[in-house]
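# Structural overview
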Amino acid sequence: MAQEYAIELKNVTKRFGEKVIANDNVSLNLRKGEILAILGENGSGKTTLMNMLSGIYFPDEGQIIVNGQEALIRSPKDAFDLKIGMIHQHFKLIEIMTAAQNIILGLKGPNHLDMKAIRASIEELTNRYGFDLEPDRKIYTMSVSQKQTVEIVKVLYRGADILILDEPTAVLTPQETEKLFDVLRNMKKAGKSIIIITHKLNEVLEISDRVSVLRKGRYIGTVDTCDATAESLTEMMVGEKVTLDIDRTEPVDVRPCLEVKGLNVKSADGTRNVLSDITFTANTGEILGIAGISGNGQKELLESIARLQEMESGEIKFYPEPGSCITLEDKKADEVLQMGIRMAFVPEDRLGMGLVASMDITDNMMLRSYNKGDNPVFTDRKTPRELAQRVVDKLEVVTPGLTTPVRRLSGGNVQKVLVGREIASGPKVLMVAYPVRGLDINSSYAIYNLLNDQKKKGSAVLCVGEDLDVLLDLCDRILVLAGGRISGIVDARTSTKEELGILMTGGKEEA
Amino acid sequence: MNVLLAFIQGAIGQGITILFGATGEIVTEKSGNLNLGIPGIMYMGGIAGLMGAFFYEKGTASPSPAMGLLVSMLTCLAASFLGGLIYSVLTVTLRANQNVVGLALTTFGTGFANFFGGSISKIAGGVGQISVASTASAYRAKIPVLSGIPFVGKILFNYGILTYLAIIISVIVTLVILRTRTGLHLVAVGESPATADAAGINVNRYKYVATLCGSMIAGLGGLYFVMDYLGGTWSNNGFGDRGWLAVALVILALWNPANAIWGALLFGALYILYIYIPGLSRANQELVKMLPYLVTIIVLVLTSKRNKPENQPPASLGLSYFREER
């Protein structure tokens, strides 16, 4: 009988330094021709484990058995030789090259490039699995999902039989996700074995044959997907029963708080509009969700309101009290800040905006208060220190102390500091972007509760998010951006994910 | 007619030095190394070639031009290889700051050349006494018969071997970058070393080889200046700012050696234009000499305005690569 397993991991342990154990005695198997989902919260060691299969890390202990033979995978090249290909979360592509050039990059062959033959062989591959790919298109003109397609084709072109996908759907719309899943099913039919790393339960239930769950670096167990439910998987993932309902209250005392009219913003090089004709109203006591594929103007919209972004034309009105009206478009960023309009933008690298990596928690709190205090010469450090302590206590930030530079904190904790600081000031308008990016379930719900508290206190909350399920559960209304335009504002209580997905692609059903 | 002919020939004479330097720098920059040491390396290549020829002619009773050419070419390549090696070891292996190393190398190369230029002048019996006539005659030999054709022959076939070599090298480099796997990998290294590394390309090897080849090509520019342009002699600092013009030409050529051929001709023409404009005062001459730099700035403005990614410098230009820093 042929080998049943494509990959077997036996008692694999990986440590980083003395204290941090990323993977502790993990054993799991990938059957040939199946789709195995690896489920776990952030920091549970999913990516580390897979990086050991793709040759980026080397296990400290344990065995990796590929197709029945023990394997030593010391470099990405060793992994290629074993026909293991990994598609990373951050694409490794050369922007100015075409898809075809990226696909053959690093491969041996005749020095003269016969692009015609290369193109033909790529097209043969894309037709077989149903990919949608133009080999001669330059990467920088492509959308995120098209880039992902290039990455997958690149791995297949190298003859991979075992594919590992790290959070492949994080950047895709629901429609694009469906397309990806179709391709994955085609690959499975062709006998490829696939591992998909994710923390989205509904996707696990939809695509996988079996699920292996990791928690805090430990292997918890594997179940057949047909026997699993969202609740049972969450329990395995978190280790306790968690209620996945967000306590959404009916908005009270609703009145306009922030009004944006005809906002236009040009891109940095001035060639195109990143925001066109944006008009909407955010109300007090309400959470307004902002959905859209990342890079469709979310950042510019929030920054325009915070007056960090030059705007081409448009009006922004702020109603702090009923009846009073302040125009914001002629104000400066610090004046807007004084009025109680706060923004917490969590960028992909978390530290890029809002926090200074080499400063400690107290100093980062001071970024908002350095010009307050009675002494005209020296800054007031006491109040920020107290605030820092409060944020640390309330949000359960794991840190050695208030004097630790924030760059030494883990991503989730950095984020708590950032969001905590903005909420602590009791803002009238709170704008958050990707507030739970990279947080585990418990911390995420802690942040959702904080947003809900703000809503109850009568703030207008604007929340840019990427997880549509959460937006639908958390928000009162959802504004959808597509290509810098508002493609729709829907009621979150009655809308569906499919509806949002269609709006996100510009209101048109994808061909 | 004769003025025009002299102008074109003069422009080509100036341009070839710059073309060598620019082609060499393009090869280097494609790998992500911004080698500002190119002017110094061109100095080193020039003086080394001259010394090779000088000692060969001094040590042989009846020096043969071909042998002189060979010896000086080899010493020139060896010295520029050495310059490139200093740069590569410091920036690639030791990951020192590329700008600092480059500028230091230019200062070093200029000093190196002036020191040895002074030394062999002394051996030769005084400033301006160096003469490697037979070697220089080999470099300056024109294409027989063809150069005799009136006008066309004077414009196209009236130059020494290095002139044609410069153009051939530029064309070959262009073809390698655009049409071969080696070129594809080189561009990948300069754009995103991490991506190239993950694809199994040896990043450091590409950086070393590109920088060393680039330095040797640039060094030939110094050799051309000493042997063909000056006719086999030396004057301290005589090379002037041609090295920096080469670096500027890289930008004008948008990192494409084929464009550098035309750009070098343009720079060469602008460089000597002041001689052909009658009645210029000394101050105005200097203004006209600024034209090549002005053109570079205009091109920079235009290309950054168009913002086409292919026309931008290699994305990781000036950055050193360290795998564990991902």
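## Digging into the interface of chain B and chain A
Every contact between the two is made by 19 residues of chain B and, on the other side, 22 residues of chain A. Between chain B and chain A, the buried area comes to about 2000 Å², and carbon and sulfur atoms account for 62% of it. It is R181, L184 and T195 of chain B that lose the most area in chain B upon contact with chain A, and together they represent 33% of the buried surface on that side. The interface formed by chain B and chain A holds one salt bridge in total. Residue K138 of chain A is joined to E310 of chain B by a salt bridge in which the shortest nitrogen-to-oxygen separation is 3.0 Å. Between chain B and chain A we count eight residue pairs in polar contact (both at pLDDT 80 or more) in total. Counting residues per element, the side of chain B that touches chain A draws most heavily on helix α8 (residues 181-191) of chain B, which supplies seven residues. When its residues are assigned to classes, the side of chain B that touches chain A shows eight nonpolar, six polar and five charged.

## Points about a nonpolar patch on the surface
All names here are of chain B. Taken together, the side chains of F81, L82, L85, I86, V89, L90, L94 and F108 make up a nonpolar region of the molecular surface, amounting to roughly 630 Å² of accessible area. Examining the composition of the nonpolar patch, we find that six residues originate from one element, helix α3 (residues 65-93), more than from any other. Within the element layout of this structure, F108 appears in helix α4 (residues 98-124).

## Concerning the side chain of K147 of chain A
In this fold, K147 of chain A is placed in helix α5 (residues 144-157). Non-local contacts of K147 of chain A, meaning those with residues more than four positions away in its chain, are made with F91, L93, E95, I139 and M142 of chain A.

## Some thoughts on the packing of aromatic side chains
Scanning the model with the defined rule gives 12 aromatic pairs over all chains in all. Both rings, one in F115 of chain B and one in F116 of chain B, keep their centres 5.0 Å apart while their planes meet at 80°; by these two values the pair is edge-to-face. Assessed through its relative accessible area of 54%, F115 of chain B is described here as exposed. Within the aromatic cluster, the residues linked to one another by ring pairs are Y43, F225, Y229, W234 and F239 of chain B. Directly above the ring of F80 of chain A sits R158 of chain A, whose terminal nitrogen or CZ lies 5.5 Å from the centroid. Over the face of the ring belonging to Y229 of chain B we find R242 of chain B, whose NZ or CZ atom lies 5.4 Å from the ring centre.

Criteria and thresholds
Residues numbered from 1 in each chain as written. Chains lettered and ligands numbered in written order. Predicted model: local features only at pLDDT ≥ 70, side-chain atom pairs only at ≥ 80, totals over all residues. Heavy atoms only, no water. Contact = heavy atoms within 4.5 Å. Buried area = accessible area lost by both parts, 1.4 Å probe. Salt bridge = Lys/Arg side-chain N within 4 Å of Asp/Glu carboxyl O. Polar contact = N/O pair within 3.5 Å; in protein donor to acceptor, adjacent residues only side chain to side chain. Helix = DSSP H or I, 4+ residues; strand = E, 2+ residues; numbered from the N terminus. Nonpolar A, V, L, I, M, F, W, Y, C, P; charged D, E, K, R; others polar. Patch = residues over 30% accessible without salt bridge, like charges linked within 9 Å, V, L, I, M, F, W, Y side chains within 5 Å. Areas by Shrake-Rupley, 256 points an atom, 1.4 Å probe, with all protein chains shown as cover. Phe/Tyr/Trp six-rings, centres within 6.5 Å; stacked < 30°, edge-to-face > 60°. Buried < 20%, exposed > 50% of the residue type's maximum accessible area, 1.4 Å probe, protein only. Lys NZ or Arg CZ within 6 Å of the ring centre and 35° of its normal.

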